[in-house]
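Residues per chain, in single letters:
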Amino acid sequence: MKTLNDLIERFQLYAICTDCERMERVPIQHLVEHYGGDFLIEAVRQRLRCTSCRVRTGDIRIVYVGEKGKVAGFHYRGTGPRRSSDADNRPPLKPVSP
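Residues numbered from 1 in each chain as written. Predicted model: local features only at pLDDT ≥ 70, side-chain atom pairs only at ≥ 80, totals over all residues. Heavy atoms only, no water.

A. View of the overall build of the protein. Within the protein, the secondary structure is distributed over 4 helices and 3 strands. Starting at the N terminus and ending at the C terminus, the protein contains elements arranged as α-β-β-α-α-β-α. Of the contacts made within the protein by residues no fewer than 6 positions apart, 63% connect residues no fewer than 24 positions apart. Total accessible area on the protein stands at roughly 7,800 Å², and carbon and sulfur atoms take up 49% of it. (Helix = DSSP H or I, 4+ residues; strand = E, 2+ residues; numbered from the N terminus. Contact = heavy atoms within 4.5 Å. Areas by Shrake-Rupley, 256 points an atom, 1.4 Å probe, with all protein chains shown as cover.)

B. Focus on the environment of Asp38. Mapped onto the secondary structure, Asp38 falls in the loop between helix 2 (28–35) and helix 3 (41–47). Asp38 gets classed as exposed once you look at its relative accessible area, which sits at 64%. Sequence separation between Asp38 and Lys2 is 36 residues; the distance between their C-alpha atoms is 8.5 Å. When sequence neighbours within four positions are dropped, the list of residues in contact with Asp38 reads Thr3 and Asn5. (Buried < 20%, exposed > 50% of the residue type's maximum accessible area, 1.4 Å probe, protein only.)

C. Representation of the environment of Arg22 within the structure. Note that Arg22 resides in strand 2 (residues 22–26). Looking at Arg22, the relative accessible area reads 29%, which means it is partly exposed. On a C-alpha basis, the gap between Arg22 and Thr51 in space is 9.4 Å, while along the polypeptide they are 29 residues apart. Ignoring anything within four residues of it in the chain, the contact list for Arg22 reads Ala15, Ile16, Cys17, Cys50, Thr51 and Ser52. A distance of 3.2 Å separates polar atoms of two side chains, one belonging to Arg22 and the other to Glu24. (Polar contact = N/O pair within 3.5 Å; in protein donor to acceptor, adjacent residues only side chain to side chain.)

D. Quick look at the side chain of Gln12. With respect to the helices, strands and loops of the structure, Gln12 is situated in strand 1 (residues 11–17). A polar side-chain atom of Gln12 sits 2.7 Å from a polar atom in the side chain of Tyr14.

E. How the structure looks around the packing of aromatic side chains. Scanning the entire structure with this criterion turns up 2 aromatic pairs. Considering the side-chain rings of Phe11 and Tyr64, the 5.5 Å spacing of their centres and the 70° angle between planes classify their relative orientation as edge-to-face. Of the two residues, Phe11 sits in strand 1 while Tyr64 sits in strand 3 (residues 59–64), which places them 53 residues apart along the sequence. Since its relative accessible area comes to 19%, Phe11 is described here as buried. Taking relative accessible area as the criterion, Tyr64 reaches 53% and is therefore assigned exposed. (Phe/Tyr/Trp six-rings, centres within 6.5 Å; stacked < 30°, edge-to-face > 60°.)

F. Quick look at the sheet that holds strand 1. Spatial strand order, 2-1-3: 3 strands in an open sheet with antiparallel pairing. Edge positions in the sheet fall to strand 2 and strand 3, since each has one partner strand and no second. When strand polarity is set aside, the average angle formed by the axes of neighbouring strands in this sheet is 25°. Note: strand 1 against strand 3, 6 bridges, orientation antiparallel. Following the sheet pairing, Ile16 is matched in strand 3 by Asp59. (Pairing = 2+ DSSP bridges. Axes fitted to C-alpha atoms, helices over the stretch in contact; angles between N-to-C directions.)

Everything listed here is a matter of geometry and, on its own, says nothing about what the molecule does.
Next up, the structure:
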């Protein structure tokens, strides 16, 4: 995957701001209309700026969602350290039997 055309049918694009911890879906079709389908994904990464804090983190997520018209789901988990209170409130993991 190198261009917007490579993404348009089966992917969604999300801009991530690590500074203010925001995540925003970026409509690929709007990017294609503005820059053209041959526009490089790396160039998109370099141009994105957080609308809240105005920082350019260059952090994006490309998420496979399957064919157009089908239900897509997306869940993003933060990668920061967990607080000890979080671990105390979770039930213990159970082993999976075959």
